[in-house]
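Residue-level listing of the chains:
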Protein chains: 2
Amino acid sequence: MQDLKTQTLVFDDPKARALDAATLTEALSALPGWQVRVVEGISRIEKDYAFENFLDAMAFSNRVAALAESVGHHPALLTEWGKVKVSWWSHSLRGVHHNDLIMAARTEPLAV
Amino acid sequence: MQDLKTQTLVFDDPKARALDAATLTEALSALPGWQVRVVEGISRIEKDYAFENFLDAMAFSNRVAALAESVGHHPALLTEWGKVKVSWWSHSLRGVHHNDLIMAARTEPLAV
């Protein structure tokens, strides 16, 4: 399979559906540290990243924000002292789409 | 009373305690939109700010981050498309200190 982070995002598929739980669980095996959390009935995938201090955490959030802005698909970023929780999901589908797996994979190298 | 946002932060008071619920509720009357939320047994004060898009939300988060860094006291910033939830509390006191009220007041003008 093509490396997840280099796959192409697709936002204009009228047949797009959120991934079912089994598919999502299997897909996350390729994304270490990413987990499903359901918030107000909507699944999202999340990962906590650790940093040395607040500035480093905020710098990472800004890198993820720039990535998000570049593709027009945006996460939730919870920035605190020494940590950031990144959450990806597809609002319009009320769940996690393959696009979100791609974005999670693209988030990973930004934490280094 | 001196305007809250111009008051001096105090971090070295060995007698510092988290504000009790009644004092906190009264104090929040001076901070429109700020509410108490208890997370894992620890009170924090929070406010949701709305923006036109993700970039504006992130720009606000960066302004709050710069404020935080300038005084060495840091919030949680939940940045999403068009909104930011700012949370202030004092980790070491496991609750809200007067410093957090000052920081909330200083956060307000950054949203404009």
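Residues numbered from 1 in each chain as written. Chains lettered and ligands numbered in written order. Predicted model: local features only at pLDDT ≥ 70, side-chain atom pairs only at ≥ 80, totals over all residues. Heavy atoms only, no water.

### Digging into the packing of helix H2 (residues 54-71) of chain A against helix H3 (residues 98-107) of chain A
Residues and elements named next belong to chain A. In plain terms, the rule: Working convention: axes come from line fits to C-alpha atoms, limited for helices to the stretch in contact. Angles between N-to-C directions cover 0 to 180 degrees. Every helix listed is a DSSP run of H or I at least four residues long, and every strand listed is a run of E at least two residues long, numbered separately from the N terminus. Orientation labels follow simple angle bins: below 35 degrees gives roughly parallel, above 145 gives roughly antiparallel, 65 to 115 gives roughly perpendicular, and whatever is left gives oblique. We call a crossing left-handed when the near helix sits turned anticlockwise from the far one by less than a right angle, and right-handed when that turn is clockwise. Contacts are residue-level and defined by heavy atoms, with any inter-residue pair within 4.5 Å sufficient. For this scheme, ten residues count as nonpolar: Ala, Val, Leu, Ile, Met, Phe, Trp, Tyr, Cys and Pro. Four count as charged, namely Asp, Glu, Lys and Arg, and the remainder, Gly too, count as polar.
Where H2 contacts H3, the axes come no closer than 11 Å and their chain directions differ by 140 degrees. Classified by the angle between their axes, H2 and H3 sit oblique to one another. Two packed elements cross with a definite hand, and for H2 against H3 that hand is right-handed. Here H2 contributes Phe60, Val64, Leu67, Ala68 and Val71 to the contact with H3, which in turn contributes Met103, Arg106 and Thr107. A class-by-class count of the residues in the contact of H2 with H3 yields 6 nonpolar, 1 polar and 1 charged.

### Focus: the relation of the copies chain B and chain A
Operational definition: Least-squares superposition aligns the copies on the C-alpha atoms of those residues with pLDDT at or above 70 in both.
Laying chain B over chain A is done by rotating through 180 degrees and shifting 0.0 Å along the axis; what remains is an RMSD of 0.0 Å. Overall, the copies show the geometry of a two-fold rotation axis. For chain B, the residue whose C-alpha comes nearest the rotation axis is Leu78 of chain B, separated from it by 2.1 Å. When the interface residues of chain B are mapped onto chain A, 100% of them again lie at the interface, so the same face is used by both copies.

### Some details on helix H2 (residues 54-71) of chain B
Residue and element names in this part refer to chain B. Keep this limit in mind: Multiplying 1.5 Å by the helix residue count minus one yields the expected span of that helix. Residues adjacent in sequence count toward polar contacts only when both atoms are side-chain atoms; beyond that, a polar contact is any pair of N or O atoms within 3.5 Å, and within protein one must be able to donate a hydrogen and the other to accept it.
Taking 1.5 Å of rise per residue, the 18 residues of H2 would be expected to cover 26 Å, and the 26 Å separating its terminal C-alpha atoms lies within 8% of that figure. The distance from a side-chain oxygen at the start of H2 to the backbone nitrogen of Leu55 is 3.2 Å, and the residue carrying that oxygen is Asn53. In the stretch just after H2, Gly72 is the one whose phi turns positive, near 75 degrees.

### What to know about the interface of chain B and chain A
To be explicit about the condition: Values labelled buried area give the accessible surface lost by two parts on being combined, using a 1.4 Å probe and summing over both. Any Lys or Arg side-chain nitrogen located within 4 Å of an Asp or Glu carboxyl oxygen qualifies as a salt bridge.
Listed per partner, the contact involves 16 residues of chain B and 16 residues of chain A. Taken together, the two surfaces of chain B and chain A that pack against each other cover about 1,400 Å², and 68% of this comes from carbon and sulfur. Three residues, Phe54, Met58 and Leu77 of chain B, lead the burial of chain B against chain A; their summed loss comes to 31% of the area buried on that side. At the boundary of chain B with chain A, the tally comes to 0 salt bridges. There are 3 residue pairs in polar contact (both at pLDDT 80 or more) connecting chain B and chain A. Listed by contribution, the elements that provide at least two residues to the side of chain B that touches chain A are H2 and strand E3 (76-80) of chain B. For the side of chain B that touches chain A, the leading source of residues is H2 of chain B, giving 7 residues. Taken together, the residues of the side of chain B that touches chain A break down into 10 nonpolar, 4 polar and 2 charged.

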